[in-house]
Amino acid sequence: MTFPREFLWGTATAAYQIEGAAAEDGRGVSIWDTFSHTPGKTLNGDTGDVACDHYHRWREDLDHVTQLDVNAYRLSISWPRVQPGGKGPLNRAGVDFYRRLLDGLLARDVKPVVTLYHWDLPQELEDAGGWPSRDTALRFADYAEHMARELGDRVHMWTTLNEPWCSAYLGYASGVHAPGRTEPAAALAAVHHLNLGHGLAARAIKSALPDAHISLTLNLHVARPVDSQSVADQEAARKIDAIANRAFLGPVLDGAYSDDLLADTAHVTDWAFVQDGDTATARAPLDVLGVNYYSTQLVQYVAPGSGGSQDDGHAPSVGSPWVGADDVAFVRPAAPYTAMGWNIDPSGLTELLNRLGRDYPGLPLMVTENGAAFADELGSDGTVHDPQRVDYLHRHVAAVSDALDAGVDVRGYFAWSLLDNFEWSYGYDRRFGLIYLDYPTQKRIWKDSAYWYRDLIARRASRSEAQLVCRRGEPGRVSILSRDNQTDP
Ligand code: FCB
């Protein structure tokens, strides 16, 4: 495997999943506070009140980041911590926390990749309508501009939204994520206002910081037909691609919603919430597209309402997240599976990167999340052996390398996650970390995968150095050869 010299190797986290300190220093309430405190919404009633206590232990956590030897770290800002009601004045204590955190990363020579919205909408904005309401997109742009002005010089790359698919469809259609609503039409309005919010925020950041690098992270679905020869199953895959992928790629990269998406969902909504100029706004200049990838989906046509299997990996729910697709069933793909029940299939990652490279030439990509949950156990000798995670990560890094070899412009890879953390509706039961969290003591313990990742990064660095010297050596002169064959003496 070879990787470009400037490749970013990182780990990722999100504010609500690790910070804790939910009621400290003026932080406001988010929809995830409300949701997790509602009985029955999360496994074991877990909440993010304490989580990994990262708000207090961030220095120790940054030391782990340094020891992993990553050159980038992806974090998110808690909107209610910096702007408690989602509008109005900033909470200085919250902003100062992120200033210190970013300064800590820069002092350790780690590039901060900062997500503005990783699902923790201020509750007051949800009370005013949430993402189905247009005003939330405007408030989001305002918050983004504040952050650009306050923190801009410290941020390597901004990501407007993390996985708007989850915000819209799991939050407003299936209801397994906050705010837990099950209103299909509202979910499509949320899709649109998230796209609009992305475009407005990207433009607001650029106006405050002309040199800012902007990205958006999507969890695009690789939905394959059960029977690749069946026209009906191919149609099922097309429909899922429209709702899950092109509902975001369309406006953000092509400047329009596709006709098939509008037709598929016409019985749910007339899309009247899309105003003139909105999709042009959503299509803001993008420096990088972030890709979160975990597994694939297998889909099949079924007679509408016949109640086919819905094993889509997104937790059982009363409402379906697949708005407008009640003639599509999700069949469980072949083993092996992670503790989330997600199938392990690195080929889907290469397929997805290759597709994006083909459809959007010139748009750099970055794998902003990839990882796996397994039932890790802390041994009596204080070690955590997680060979399955090492294997998962290794095979997915190789899948990225395959895409690079095919000529796709991939700029980085971020392992999800630095630490075990609050895995949304699964609470603390599912462990994705490279570092094990002993929650009663808050002790951080490196799993074998953390050592493996550190060594992988070290090997990659030294290997590319070795190649640099031997590929173009001339007596008395060493030229550095980069991936695109430009010499850089
Ligand atoms: C992604 C989320 C991230 C984490 C992983 C496992 O969908 O972005 O916060 O929960 O899944």
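In what follows, the structure referred to is the one given above.
Calculation criteria
Residues numbered from 1 in each chain as written. Predicted model: local features only at pLDDT ≥ 70, side-chain atom pairs only at ≥ 80, totals over all residues. Heavy atoms only, no water. Helix = DSSP H or I, 4+ residues; strand = E, 2+ residues; numbered from the N terminus. Rg over C-alpha atoms; globule rule 2.2 N^0.38 Å. Buried < 20%, exposed > 50% of the residue type's maximum accessible area, 1.4 Å probe, protein only. Areas by Shrake-Rupley, 256 points an atom, 1.4 Å probe, with all protein chains shown as cover. Lys, Arg positive; Asp, Glu negative; His and termini not counted. Charge placed at Lys NZ, Arg CZ, Asp CG, Glu CD. Core = buried A, V, L, I, M, F, W, Y, C linked by side-chain atoms within 4.5 Å. Expected span 1.5 Å × (residues − 1). Bend = angle between axes of the 7 residues up to and from the residue. Polar contact = N/O pair within 3.5 Å; in protein donor to acceptor, adjacent residues only side chain to side chain. Pairing = 2+ DSSP bridges. Axes fitted to C-alpha atoms, helices over the stretch in contact; angles between N-to-C directions. Contact = heavy atoms within 4.5 Å. Near = heavy atom within 4 Å. Nonpolar A, V, L, I, M, F, W, Y, C, P; charged D, E, K, R; others polar.

*Asks:* Just checking my understanding: could you explain the overall build of the protein chain for this structure?
*Replies:* Check the secondary structure of the protein chain and you find 15 helices and 17 strands. Taken against the 2.2 N^0.38 rule, which gives 23 Å for 489 residues, the C-alpha radius of gyration of the protein chain at 22 Å falls within 12% of a compact globule. For the protein chain, the C-alpha atoms occupy an extent of roughly 70 × 55 × 55 Å along the three principal directions. Counting over 489 residues, the protein chain shows a buried share of 60%. With the model as given, the accessible surface of the protein chain reaches about 18,200 Å², and the carbon-plus-sulfur share is 50%. Taken together, the 44 basic and 65 acidic charged side chains of the protein chain have centroids lying 5 Å from each other.

*Asks:* When you look at the nonpolar core in this model, what are you seeing that I'm missing?
*Replies:* What tends to happen in soluble globular proteins is that the nonpolar side chains get buried as a cluster. If you look at the biggest cluster of nonpolar residues, it comprises 153 residues, and the most contacted ones within it are Met 147, Tyr 169, Leu 353, Val 400, Tyr 413 and Tyr 453. Ranked by the residues each element gives to this core, the list is headed by helix H10 (residues 231-254), at eleven residues.

*Asks:* Sorry if this is basic, but what is going on with H10 here?
*Replies:* Residue pairs three or four apart in sequence face the same way in an α-helix, which turns once every 3.6 residues. Between the first and last C-alpha of H10 there are merely 27 Å, a value that for 24 residues lags more than 12% behind the 34 Å anticipated at 1.5 Å per step. Along H10, the sharpest kink reaches roughly 55 degrees, centred on Arg 246. Across the 24 residues of H10, 18 count as buried, placing the element largely inside the fold. For H10, the capping residue at the N-terminal end is Ser 230, with a side-chain oxygen 3.3 Å from the backbone nitrogen of Ala 232. Gly 255 sits one or two positions beyond H10 and adopts a positive phi of about 80 degrees.

*Asks:* Help me understand the sheet that holds strand S6 (residues 223-225), please; the structure alone is not making it clear to me.
*Replies:* The strands that make up a sheet are held in pairs by hydrogen bonds between backbone atoms, and each pair lies either parallel or antiparallel. Read across the open sheet, the three strands follow the order S6-S8-S9; overall the sheet is mixed. Taken across any chain shown, the strands that pair with only one partner, and hence form the sheet edges, are S6 and strand S9 (328-331). Neighbour to neighbour, the strand axes of the sheet diverge by 40 degrees on average, direction disregarded. By the bridge criterion, three bridges tie S6 to strand S8 (residues 297-301) in an arrangement that is parallel. Opposite Arg 224, over in S8, you have Leu 298 as the bridge partner. Running over the sheet, H10 touches S6, S8 and S9 and is turned about 125 degrees from S8.

*Asks:* Teacher, can you tell me more about the site of the ligand here?
*Replies:* Around the ligand sit Gln 17, His 118, Trp 119, Asn 162, Glu 163, Asn 292, Tyr 294, Glu 369, Trp 416, Glu 423, Trp 424 and Phe 432, and that is every residue in its neighbourhood. Separating an oxygen atom of the ligand from a side-chain N or O atom of Trp 424 is a distance of 2.9 Å. Protein coverage of the free-state accessible area of the ligand, which is 290 Å², stands at 95%. Its residues placed into classes, the shell around the ligand shows five nonpolar, four polar and three charged.

*Asks:* Would you take a moment to explain the pairing of strand S13 (residues 443-446) for this structure?
*Replies:* When a strand is regular, its side chains alternate between the sheet's two faces. Pairing of strand S12 (residues 435-438) with S13, which is carried by four bridges, proceeds in the antiparallel orientation. Across the sheet, residue Asp 438 finds its bridge partner in S13, namely Lys 443. Counted between consecutive antiparallel strands, the loop separating S12 from S13 contains four residues, among which Gln 442 sits at a positive phi close to 60 degrees.

*Asks:* Just checking my understanding: could you explain unusual backbone geometry for this structure?
*Replies:* Peptide bonds are mostly trans, and most non-glycine residues show a negative phi. A cis amide bond links Ala 178 to the next residue, Pro 179, at an omega of 5 degrees. With omega at 15 degrees, the peptide bond leading from Trp 416 into Ser 417 counts as cis. Its location among the elements puts Ser 417 in the loop between strand S11 (410-416) and S12. Positive phi values are uncommon outside glycine, yet Ala 51 reaches one of about 50 degrees. Secondary-structure assignment places Ala 51 in the loop between helix H2 (31-36) and helix H3 (54-68). Unusually for a residue other than glycine, Asp 109 sits at a positive phi of about 65 degrees. Within the secondary structure layout, Asp 109 lies in the loop between helix H5 (92-107) and strand S3 (111-117). Residue class for Asp 109 comes out exposed when judged on its relative accessible area of 66%.

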